Amino acid sequence: MSEKELGKKLDRCLADSAVKLGAGLGLGIVFSVVFFKRHTWPVAFGLGMGLGMAYTNCQNDLRAPYLIQRNIKVSNATKY
Amino acid sequence: MLRVCLKGANSAARKCLCGNGVPLHPLQQCRSYTSGGSGSSAGKIVAASVLTVGGGVGGTILYANWDPKFRANVEKSIPYSDQVFGLALGPAAPPPVINKPRKVEPVQISSMSEMWKDSKQPKAKEVEKKAEQPDAEGPPAPAPQETLEGEACVFVAMILSAEQNVLSVFCIPLAAAKCTECEHEPAVKERPEGEVAARLAEQDKAEQDLLTSLSSNLEDALGSTAKVTLQAIGAQEAALQAIAQHTRQLREAMEAEAPPDKKSTQWRVLEDALSERSRSVDEAGAAVLKAKAELDKLRGVIDGAKHLKIAAARPSILAAEENLHSMVVDLDSVVTRVQTAQSEAKIVSQYSELVNEAKAQFQKELNSITPEIQANWKGLTGKLTQDDLNSLIAHAHRRIDQMNRELAEQRVREQIHIDSALEQQKLEDKKALEVAVSTALEHNREQMRLEQEKKVEETREVMEAEMRTQLRRQAAAHTDHLRDVLKVQEQELRSEAEEILNSSLMEKETEYRRLTQDQLDSFTLDMNAAYARLKGMEEAIDSHVIAEEEARKAHQLWLSVEALNYTLKTAALNDPTEPLEGAVQAIKESCAEDEFAQALATALPSESLSRGVYSEASLRARFYAIRQLARRVALIDETRNSLYQYFLSYLQAMLLFEKAQEAPPAKLSAEDLDTFKLLSYAAYSLEHGDLELAAKLVNQLKGESRRVAQDWLKEARLTLETKQVVSLLSAYANAVGLGTTMAP
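Residues numbered from 1 in each chain as written. Chains lettered and ligands numbered in written order. Predicted model: local features only at pLDDT ≥ 70, side-chain atom pairs only at ≥ 80, totals over all residues. Heavy atoms only, no water.

### Overview of the UniProt feature "coiled-coil region" (unreviewed entry) in chain B
Right, so step 1: As annotated in UniProt, the feature "coiled-coil region" (unreviewed entry) corresponds to residues 386-413 of chain B in the numbering used here.
Right, so step 2: In residues 386-413 of chain B, helix accounts for 100% and strand for 0%; the two terminal C-alpha atoms are 39 Å from one another. (UniProt positions renumbered as here; feature names shortened; annotations may be inferred. Helix = DSSP H or I, 4+ residues; strand = E, 2+ residues; numbered from the N terminus.)

Written out as structure tokens, the structure is:
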């Protein structure tokens, strides 16, 4: 179902963002703890990176149908 | 006509006479009439005419009264004259009776026919018929005349009838004609031979029975009567004997001079005899009465037998009558003898009475003279005294004198007494004579009648025998004659019958030929018509078969289309229908030779075949979700599709309010191509059941909204296609079915 696609995408986005944020947070914490003497900025940096990655992934996911890919014929891309 | 002329002539003559003044007596009348003037001349004419008419009518009536032929003529010629005559004279006398001999004829014929068959009891029959005829015919011809007529009719009958059939033919019309007049012999029906013989046999038997019964009756009656009569005679004889004995004894008692004790016994014996006599006389009287009763009964039986009129019984009847007569005679003689004896006895008793009286008188006298002397003075001669004797003698002398005187007186009166006695005797003798004469006459008459009857019987038998021979002779002659006549008749009848037969046969043949020809023609016509009809029917049936076939096919197609339709309805709310493959297969099979249907069947999208289609309701329900989503991604298209745009379009969707449903215009303009508007249009059309328009409108979406609604659109497209094909098919099936049903 084409209408469920967006939902799915958004679910993936959220899941992905959660993962990314978590991972980022985790890495940030780790880096903060390991490398940067418990400063908060690596956490924030990690969270930010995670969020940014999530956002970008989400956006790419949502854009995916509009991207013109070289190996897909134009006639297939647009269906009336 | 004549009368009118007469009238006219009369009046004219009168006028003429009056005018001319000729001195005739009518003129005087004229004069007296003319004195009255012209007014009376009309009256005169009227009177004259009335007179003439009346005279004519009266004269006619009188003459008709005198001459019946004239009356008949007048009645025939002038209508209603018979009524006038009837009024004036009474009904016309009937035509002279020629019927009488014919009346007798049928009776005699039948009797004669019976005679032909069996001449056993002809006498009886004749006697019967003769006896019955006087009863039948009221105005009786005297018996001999009828016998004569009967014989004449016998002649006629014999001439005309020998065979039973001819007889019957002759009898029946006569009988039919005269039936009304013979009441006693109602219908001289033809009797078939067997019936006649049977009837005769029956009659003979009946007569025999009757005869036997009669003879037995007579014998019984005779026997009983004889017995009773003998009894009566015996009783009478006994009475006679008793009377004679009594008389004798009385005489003896009176004249004998027996001693007193014997006298008393004698008197006792006499008394016994007297009682005996009276008893026997009574008995005799009773016996005579009984005998008379029996004789009357016997006479009655004999009369009854005579009424039956059976010839064979006649001698026995005669014998019985003779017996009766002899018994009556004997009885009468015995009775007379008894009566004479009784009279004699009376005389003797009277004599004895007188003697007794004289004796008594004498005894009384004697007693008066000599009271002490007893009655039986004959034995007392020694006891009597002289005085007694003298007185007795004196008394005796006196008595003798007296007796002499009486004797003289008696002598004188003797003659007178004798005369008177003679007279009396004459009278009595006459009476007795009359009685005797009458009885003798009766007996004689009876005797003569019996003899006469005997003679009559004998002559009758003789005549019967003679008649029989004559009749036999005539019968033979008649038979011969009839045979000849019948032969001739047979010939004639045969030839006639043959002629008739031939002519009718010819007629029938021609008729038959004509009829058969007619039949053939009509049959041919019918056959042709039937053949034509048959042909027509065959064609009709063939066309019907074809039409039926078409109809069946159409029906099948329609059924299968209906099945397809049904499968379309099986869509649950959010699930597609069942795959339409089976139904389509069925359609394809059912209309194998129908190209249009085949084409249509193949035009169905494969998705619907394999997977089924969604129902409109599910699509509608789904549309609302899609609409929500489409609204939310309304800003997203190829150019704007970042996340931020997503956020913005979400914001827009939240903040922008449009009509939930808006009627789409007939033509879409550029500004109608807005997502939200489109969506509301589509919603409206969906709500109003127009999936096609909704799909069209949804198809105008661009960008992400379009992508989001893509599947829905596809589904809607599929559904629409399928529905279109199915409706086409059903329309086609309906059309075909309708077409087939409308076929002639």
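### Some thoughts on the side chain of Thr722 of chain B
Residues and elements named next belong to chain B.
Right, so step 1: With respect to the helices, strands and loops of the structure, Thr722 is situated in helix α22 (residues 710-741).
Right, so step 2: Relative accessible area serves as the criterion here: at 0%, Thr722 is assigned to the buried category.
Right, so step 3: Contacts of Thr722, omitting those with residues within four sequence positions, involve Leu568, Leu580, Leu604, Pro605, Ser608 and Val613. (Buried < 20%, exposed > 50% of the residue type's maximum accessible area, 1.4 Å probe, protein only. Contact = heavy atoms within 4.5 Å.)

### What about the nonpolar core?
Side chains of nonpolar character tend, in soluble globular proteins, to be buried together.
Residues and elements named next belong to chain B.
Right, so step 1: Phe623, Tyr646, Val698 and Trp712 are the most contacted members of the largest nonpolar core, which totals 32 residues.
Right, so step 2: Looking at which element gives the most residues to this core, the answer is helix α19 (residues 675-687), with six residues.
Right, so step 3: Contacts of Val698, omitting those with residues within four sequence positions, involve Phe623, Ala682, Ala709, Trp712 and Leu713.
Right, so step 4: Core analysis: the next-biggest nonpolar cluster, separate from the first, contains 29 residues, Ala232, Leu298, Val328 and Val338 among them. (Core = buried A, V, L, I, M, F, W, Y, C linked by side-chain atoms within 4.5 Å.)

### Some details on the state of the cysteines
Residue and element names in this part refer to chain A.
Right, so step 1: Overall, the coordinates contain one disulfide over all chains when judged by the stated rule.
Right, so step 2: Note on cysteine connectivity: Cys13 is disulfide-linked to Cys58, with sulfurs 1.6 Å apart. Classification of the bridge connecting Cys13 and Cys58 rests on its S-S torsion, roughly 110°, and on that basis the disulfide is right-handed. One end of the pair, Cys13, is in helix α1 (residues 2-34); the other, Cys58, is in helix α2 (residues 41-63), with 45 residues separating them in the sequence. For the pair shown, Cys13 and Cys58 are each scored as buried. (Disulfide = S-S within 2.5 Å.)

### Observations concerning the packing of helix α4 (residues 68-77) of chain B against helix α5 (residues 81-89) of chain B
All names here are of chain B.
Right, so step 1: At their nearest, the axes of α4 and α5 sit 8 Å apart, and the two run at 140° to each other. Comparing the axis directions of α4 and α5 gives the class oblique. Two secondary-structure elements touch here, α4 through Arg71, Val74 and Glu75 and α5 through Ser81, Asp82, Phe85, Gly86 and Leu89.
Right, so step 2: The residue inventory of the contact of α4 with α5, partitioned by class, reads three nonpolar, two polar and three charged. (Axes fitted to C-alpha atoms, helices over the stretch in contact; angles between N-to-C directions. Parallel < 35°, antiparallel > 145°, perpendicular 65-115°, else oblique. Nonpolar A, V, L, I, M, F, W, Y, C, P; charged D, E, K, R; others polar.)

### Considerations on the interface of chain A and chain B
Right, so step 1: Counting residues at the interface gives 16 residues for chain A, matched by 24 residues for chain B.
Right, so step 2: Both sides together, the interface formed by chain A and chain B hides about 1700 Å², and carbon and sulfur atoms give 56% of it.
Right, so step 3: For chain A, the biggest contributors to the area lost against chain B are Glu3, Leu6 and Tyr66 of chain A; these three give 38% of the whole.
Right, so step 4: Run the count over chain A and chain B and you get one salt bridge.
Right, so step 5: Summed over the shared surface of chain A and chain B, the result is six residue pairs in polar contact (both at pLDDT 80 or more).
Right, so step 6: With six residues, α1 of chain A is the single largest residue contributor to the side of chain A that touches chain B.
Right, so step 7: By residue class, the composition of the side of chain A that touches chain B is nine nonpolar, two polar and five charged. (Buried area = accessible area lost by both parts, 1.4 Å probe. Salt bridge = Lys/Arg side-chain N within 4 Å of Asp/Glu carboxyl O. Polar contact = N/O pair within 3.5 Å; in protein donor to acceptor, adjacent residues only side chain to side chain.)

### Structural notes on the confidence of the model for chain B
Right, so step 1: Of all residues in chain B, 76% have pLDDT values of 70 or greater, and the mean over the chain is 78.
Right, so step 2: Taken as a whole, residues 101-187 of chain B scores under 50 in pLDDT and shows 111 contacts with residues more than four places along the chain or in a different chain. (pLDDT = per-residue confidence, 0-100.)

### Describing the packing of aromatic side chains
Right, so step 1: In total, this model carries nine aromatic pairs over all chains according to the counting rule given.
Right, so step 2: Seen in terms of ring centroids, Phe35 of chain A and Phe36 of chain A are 6.4 Å apart; in terms of plane orientation they differ by 70°. Their pairing is edge-to-face.
Right, so step 3: According to the relative accessible area criterion, Phe36 of chain A is partly exposed, its value standing at 31%.
Right, so step 4: An aromatic cluster is present here, built from Phe31, Phe35, Phe36 and Trp41 of chain A joined pairwise through their rings.
Right, so step 5: Above the face of the Tyr614 of chain B ring, Arg622 of chain B is positioned so that its terminal group lies 5.9 Å from the ring centre.
Right, so step 6: Residue placement shows Arg707 of chain B over the ring face of Tyr66 of chain A; its charged tip is 5.7 Å from the ring centre. (Phe/Tyr/Trp six-rings, centres within 6.5 Å; stacked < 30°, edge-to-face > 60°. Lys NZ or Arg CZ within 6 Å of the ring centre and 35° of its normal.)

### Thoughts on the packing of α1 of chain A against α2 of chain A
Residue and element names in this part refer to chain A.
Right, so step 1: For the pair α1 and α2, interaxial distance at closest approach is 7 Å and the crossing angle is 160°. With respect to their mutual orientation, α1 and α2 come out roughly antiparallel. Pair α1 / α2 crosses with right-handed handedness.
Right, so step 2: For the contact of α1 with α2, the per-class residue count stands at 14 nonpolar, seven polar and five charged. (Left-handed = near helix turned anticlockwise from the far one by under 90°.)

### Structural notes on the pattern of salt bridges
Right, so step 1: Evaluation of the coordinates by the stated rule reveals 31 salt bridges over all chains.
Right, so step 2: Arg12 of chain A is paired through a salt bridge with Asp61 of chain A; the nearest N and O atoms lie 3.0 Å apart. Placement of Arg12 of chain A in helix α1 and of Asp61 of chain A in helix α2 is noted, with a sequence separation of 49 residues between them.
Right, so step 3: Put simply, Arg514 of chain B and Asp518 of chain B hold a salt bridge, and the shortest N to O gap is 3.6 Å. Here Arg514 of chain B pairs with Asp518 of chain B, and both are found in helix α13 (residues 386-569), just four residues apart, close to one helical turn.
Right, so step 4: Taking the relative accessible area as the measure of exposure, Asp518 of chain B reaches 39% and is therefore partly exposed.
Right, so step 5: Taken together, the salt bridges that share partners define one network made up of Glu5 and Lys9 of chain A together with Glu704 and Arg707 of chain B.

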